[in-house]
Amino acid sequence: MPDAQTLAPWLDTVRATAASQFAEAEAPSGVDEVWRYSRIADINLHAYSPVSSDAGSAIDAIGIDGAAATVVIRDGRILSLDRTDALGKATVSSLVDHPDAQTLLNGVRGEAIDAIAHLHDANLGDVIVIDVPRGHHVEAPIVIDVYSDVGGGLTCPHTIVRAANGSGVNVFERRRSGSASQLVVPVVELDAAPDARIGYLVAQQLGANTNSLEHHVAQSDQQAHVICSVAAFGGSYARTRADFRLNGRGASGDLLSAYFGDGSQMLDFRTFQEHNAADTTSNLLFKGAVTGEAQSVYSGLIKVAETAPGTNAFQTNRNLKLSEEAWAYSVPNLEIEQNQVSCSHASTVGEIDEDQRFYLESRGVPTTTAEQLLVSGFFAEVIALMPIDAVKTEMQTIIDDALAADRAAQEG
Amino acid sequence: MSELVITDLHATVGDKEILKGVSLTIRSGEVHAVMGPNGSGKSTLSHVITGKPGYTVTKGSVTLDGVELLDLPAWERAKAGIFLAMQYPTEVPGVSLQSMLFASAIEAGRDADEVKAGIAAEAERIGFDEALITRPLNVDLSGGEKKRNETVQLGVLAPKFAILDEIDSGLDVDAMKAVTRRVEDLTNQDEPLGVLAITHYKRLFEELEPDHVHVFAAGVIQKSGGPELAEELEQTGYAEWVHLVEKDDGFAAFHDPSGNTTFAEDLHLHEG
């Protein structure tokens, strides 16, 4: 596989510039609203070193049967890239091999917004570009399997999905890491041209000693539809920020998440639903559970610009607190500069409903099984809305197993 | 032949004693009606027997064929053979009738295919829409559908005893007939069901003939008799017992933690 560093001098410049900007940038602090409640203050961004391309972290890839393409990334570098005929005219490539490389990189995200973005740019590994031409639909999912396991290591995966006019694509990304203490700073850019459709799902299954600072940026043009979803289970402090921009008239999309936190981990989500054009619609549904001493943070903002009459924006965050010591923070916000809008937000933090549990128990369902059914049912709603049908059962099973392990631990 | 024996049962909610010494024995195939004014503690009796959280048993026992139910968690009581058809069946988003009954069947060592066939047969029998079997339990169902749902479960789980808590509330005439006929059938099968039917109105008995009628007020059974007692109550109402409850406990006695019952409803008794 080509090493990006040797083939693209312009990319070296990007990295070098970002490195000097990172050196001067102020580290994010818990005082900023966007970092409130988070553990960012405990993480020294300077303490990690980029993982070298020969680090040799190995684990079998987990693909999807019938995938249109499967990319395997280890320690920030492309280990393999398998394409099938199902891709048709769509391409999956390393950024440096793409003719539009320089405009594609950070084309959706834009300038770095904080020290973490500089850190990401300074340590970019191989960037994956999925490019779907006009009117072309890739029915089978494209899979990216990412893994690293180097103590004190830093990896910065980056995925760009560009869907041209009237095209459609589904992308599934799986993020894993070993038990080594490490930092992962991924960026995902989703760009949907008019009438295009992008379905994106990332399964965050990082190791318990990995900190993660992930950033998703999506933009939808006229009548485009984007589903940006996160199933988050692993990590020590694992954060996902999503900037969801509806830039063309009639654009719509869903921001979805299912998360399950246990042990002492913190799962942190910040969402921005930015309505910049008329008649745009965004639906956000984040559902999570925390147990043990885990914590979750959800903070979301619906922003409706003056240029966006006829906006429909919905934001729902529901949390289940499954133990005494677990905590879930939920902070929804609205910022509206337009009168002709329909917006709502709702957030709840609660325990398993006693009456629902009793209803199942009164039918002879043991308490633990009843709780599993209820928690599973709680998540089923949001998992059903996610793209990538092939992994939905797996996502549900991960949650079921995590709950079973938690209940067994509590009983034992 | 099975026997459900309730002996001198006392129970409290918070500081308030709701059950004040209830004794009652039900045998397989018998239908016992417990009738009384709203807020008298009828629903509490059903909840305490089946192990709903929020109640403290201070005295007494409930045994099923000699096994003390009060020592068991709710699900083991159900497994032992007690079924509660709820007055207000709980909506359970995300869990279907089928997945709940499968989970129950696995615990009971029953075959899933047999349970699946059982659900279909029971649904057909009482006119429960088959499409609802795999939808979230009780969510967006009408009152009639909810009670049919409870009855499907009763048929599939085949308990030894069923407690029907105001199964007639929220039912139209057709649903009422379908539900009560099915229960009546179950009391006449080879291994007959024993029934404790808690109700406010005699109309429940048009299809489901009670063997014994008990007037329940102020946390105890005030009077027991045959079907004629239900007739008598229909004529005289609960005035006698309402007065007794009021004198004993004051208005607060009418607050039932399980339902929306109010004292005012009692005044409209005869309209039912």
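This structure is a prediction, so every number in the text was calculated from the model and none was measured. (Residues numbered from 1 in each chain as written. Chains lettered and ligands numbered in written order. Predicted model: local features only at pLDDT ≥ 70, side-chain atom pairs only at ≥ 80, totals over all residues.)

## Considerations on the overall build of chain B
Formally: Helix and strand labels come from DSSP, where a helix needs a run of H or I of at least four residues and a strand needs a run of E of at least two; each type is numbered from the N terminus. Put simply, a residue is buried when 20 or more other C-beta atoms lie within 10 Å of its own C-beta and exposed when 12 or fewer do; between those, it is partly exposed, and each C-beta is set from the backbone.
The secondary structure content of chain B amounts to nine helices and 12 strands. For chain B, the residues scored as buried account for 47% of the 272 residues in total.

## What to know about the interface of chain A and chain B
Put simply, the rule reads: Remark: residues whose backbone-derived C-beta atoms lie within 7 Å of one another are considered to be in contact. Think of it as three bins: nonpolar holds Ala, Val, Leu, Ile, Met, Phe, Trp, Tyr, Cys and Pro, charged holds Asp, Glu, Lys and Arg, and polar takes everything else, Gly as well.
Contacts between chain A and chain B engage 21 residues on the former and 23 residues on the latter. At nine residues, helix α6 (residues 367-385) of chain A tops the list of elements feeding residues into the side of chain A that touches chain B. Looking at the side of chain A that touches chain B residue by residue, the class counts come to nine nonpolar, seven polar and five charged.

## A short note on the sheet that holds strand β4 (residues 56-64) of chain B
Residue and element names in this part refer to chain B. Rule in force here: By this definition, two strands are paired if DSSP reports at least two bridges between them. Helix axes are fitted to C-alpha atoms over the stretch in contact, other axes to C-alpha atoms as well, and angles between N-to-C directions run from 0 to 180 degrees.
Strand order in this open sheet of four strands is β2-β1-β4-β5, and the pairing throughout is antiparallel. Looking at strand neighbours, the two that pair on one side only are β2 (16-27) and β5 (67-68), the edges of this open sheet. Where β4 and β5 come together, two bridges link them in antiparallel fashion. Across the sheet, L64 pairs through a bridge with V67, a residue of β5. Together, β1 (3-13), β2 and β4 form the strand contacts of helix α1 (residues 42-50), whose direction differs from that of β2 by roughly 70°.

## What about the sheet that holds strand β17 (residues 281-290) of chain A?
Residues and elements named next belong to chain A. Spatially, the 10 strands line up as an open sheet ordered β3-β2-β6-β8-β11-β13-β15-β17-β19-β21, and their pairing is mixed. Whereas interior strands pair on both sides, the edge strands pair on one side only; in this sheet they are β3 (77-83) and β21 (341-350). For this sheet, the mean angle separating the axes of adjacent strands, direction not counted, is 10°. Each of β15 (252-261), β17 and β19 (311-321) is contacted by α6, which is oriented at about 150° to β17, the strand it contacts most.

## Focus on the confidence of the model for chain A
Put simply, the rule reads: Scored from 0 to 100, pLDDT reflects the predictor's confidence in each residue.
Overall, the predicted model of chain A reaches an average pLDDT of 95, with 98% of residues at or above 70. Taken as a whole, residues 1-5 of chain A scores under 50 in pLDDT and shows 11 contacts with residues more than four places along the chain or in a different chain.

## Digging into the confidence of the model for chain B
Residue and element names in this part refer to chain B. Per-residue confidence for chain B averages 88 on the pLDDT scale, and 89% of its residues sit at or above 70. Residue range residues 246-272 is modelled with pLDDT below 50. Its contacts to residues more than four positions away, or to other chains, number 38 contacts. If you check the scores for this complex, the pTM reads 0.89 and the ipTM reads 0.90.

## Things to note about the pairing of strand β6 (residues 142-148) of chain A
Residue and element names in this part refer to chain A. Along β6, seven of the seven residues are buried, which leaves the element largely enclosed by surrounding structure. Of the two faces of β6, both are covered, the one formed by I142, I144, V146 and S148 as well as the one formed by V143, D145 and Y147. Here seven bridges tie β6 to strand β8 (residues 168-177), and the two strands are oriented parallel to one another. Bridge assignment links S148 to a residue of β8, and that residue is S177.

## Structural notes on the nonpolar core
All names here are of chain A. Put simply, the test is: Connectivity within a nonpolar core runs through C-beta atoms within 7 Å, and the core itself is a set of buried Ala, Val, Leu, Ile, Met, Phe, Trp, Tyr and Cys residues.
The biggest cluster of nonpolar side chains holds 192 residues, and the ones touching the most others in it are I130, I142, V169 and L190. Broken down by element, the residue count for this core peaks at nine residues, all from α6. Each residue touching L190, except ones within four places of it in the same chain, is listed here: V108, V161, I198, Y200, A218, V226 and C228.

## Re helix α7 (residues 392-411) of chain A
All names here are of chain A. Rules: By definition here, a helix of n residues has an expected span of 1.5 Å times n minus one. Directions pointing from the helix axis toward each C-beta atom define the arc.
With 20 residues, α7 should cover 28 Å at 1.5 Å per step; its first-to-last C-alpha distance of 29 Å lies within 8% of that length. Taken as a whole, α7 has its buried residues at M395, I399, L403 and D406. In an axial view of α7, the angular spread of the buried residues amounts to 70°, which keeps them on one side of the axis. When the buried face of α7 is taken as reference, the exposed residues oriented beyond 90 degrees from it are T393, T397, A405, A408 and E411. In the core, the buried residues of α7 are packed alongside β11 (197-205), β13 (225-232), β15 and α6.

## Considerations on the pairing of β21(A)
All names here are of chain A. For β21, a buried count of zero out of 10 residues is recorded, marking the element as mostly open to its surroundings. Bridge analysis of β19 against β21 gives 10 bridges, and the strand direction is parallel. Counterpart to F314 in the pairing with β21 is S344.

## Considerations on the packing of helix α3 (residues 97-108) of chain B against helix α4 (residues 112-126) of chain B
Residues and elements named next belong to chain B. Stated precisely, the cut-off is as follows: To sort the angles, those under 35 degrees are grouped as roughly parallel, those over 145 as roughly antiparallel, those from 65 to 115 as roughly perpendicular, and the leftovers as oblique. For any pair of crossing helices, the crossing counts as left-handed if the nearer helix is rotated counterclockwise from the farther one by less than a right angle, and right-handed if it is rotated clockwise.
It is at 10 Å that the axes of α3 and α4 come closest, and there the two elements cross at 140°. When the axis of α3 is compared with that of α4, the two are oblique. As α3 packs across α4, the resulting crossing turns out to be right-handed. Contact residues: α3 offers L97, Q98, L101, F102 and A105, while α4 offers A112, V115 and I119. Along the lines of polarity and charge, the residues of the contact of α3 with α4 split into seven nonpolar, one polar and no charged.

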